[in-house]
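# Examining the three-dimensional arrangement
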Amino acid sequence: MIYVCNLVEMPDHAEALKVSHLVSLVSPDEQPATPACIRIERHYRVGIHDISEPLDGHILPAAEHIQGLIEFVRAWRHDEAPLLIHCVAGISRSMAAALITLAVKAPGRELDAARHLRGAAAHAYPNRRMIALADQLLGCEGRLVAAREAMGPANLLPFGPLVCLPLLR
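For the structure given in this document, a descriptive report is provided here.

How each quantity is defined
Residues numbered from 1 in each chain as written. Predicted model: local features only at pLDDT ≥ 70, side-chain atom pairs only at ≥ 80, totals over all residues. Heavy atoms only, no water. Axes fitted to C-alpha atoms, helices over the stretch in contact; angles between N-to-C directions. Helix = DSSP H or I, 4+ residues; strand = E, 2+ residues; numbered from the N terminus. Parallel < 35°, antiparallel > 145°, perpendicular 65-115°, else oblique. Left-handed = near helix turned anticlockwise from the far one by under 90°. Contact = heavy atoms within 4.5 Å. Buried < 20%, exposed > 50% of the residue type's maximum accessible area, 1.4 Å probe, protein only. Arc of directions from axis to C-beta. Nonpolar A, V, L, I, M, F, W, Y, C, P; charged D, E, K, R; others polar.

### Let's talk about the packing of helix H2 (residues 63-75) against helix H5 (residues 128-138)
As a packed pair, H2 and H5 sit with axes 9 Å apart at the nearest point and diverge in direction by 65°. In terms of their interaxial angle, H2 and H5 are classed as roughly perpendicular. Considering only the axes of H2 and H5, their crossing is right-handed. Across from Ala63, Ile66, Gln67, Ile70 and Arg74 in H2, the residues of H5 making contact are Met130, Leu133, Ala134, Leu137 and Leu138.

Below you can see the structure in the form of structure tokens.
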């Protein structure tokens, strides 16, 4: 099971959902403490801003960030306990990471993964750069990018609610 939430609600959700792994996708100065219920080595921190093009004073998602995410979710044993992913709002970076995670766990089913994400989260607006980088790193040949675009427009909110995403079967 994958859960996605915003930064403010993350500590409570980590405890209540009994997650084993945590992904934090926020700028370095916003990185939260690792909740007591999660072992520190199971907390993957991605210090990036929510941008898709270079912007002075901001950290653009790069291949090494996404490669690290891919390796982290590959190592996560989804049959043991859930994974929690968060960014500041629970809308863009975290939803990109959720889509990437679904694609990693079900290779070749990128469109199914995007449809699954949209069905669970009308507010999801996955970061385009993160998806493009993952597409390249996973060898999807444009399928992950196309799947993200096929999701259509998001019903944007200031902060996303908790989203529950079962893995594709």
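### Quick notes on helix H6 (residues 143-150)
Helical geometry: 3.6 residues make up each α-helical turn, so side chains three or four residues apart lie on a common side. Along H6, the residues that are buried comprise Leu144, Ala147 and Arg148. End-on view of H6: buried residues confined to an arc of 100°, all on one side of the axis. Looking at the packing, one finds that the buried side of H6 touches helix H3 (93-105), helix H4 (110-120) and H5. Immediately beyond the C-terminal end of H6, within one or two residues, lies glycine 152, with a positive phi of roughly 75°.

### What to know about the packing of H4 against H6
Running from amino to carboxyl end, H4 crosses H6 at an angle of 30°, the nearest separation of the two axes being 8 Å. The angle between H4 and H6 places the two elements in the roughly parallel class. Every pair of crossing elements has a handedness; the one defined by H4 and H6 is right-handed. Of the residues in H6, those in contact with Glu110, Leu111 and Ala114 of H4 are Arg143, Leu144, Ala147, Arg148 and Ala150. Residue classes in the contact of H4 with H6 are distributed as five nonpolar, no polar and three charged.

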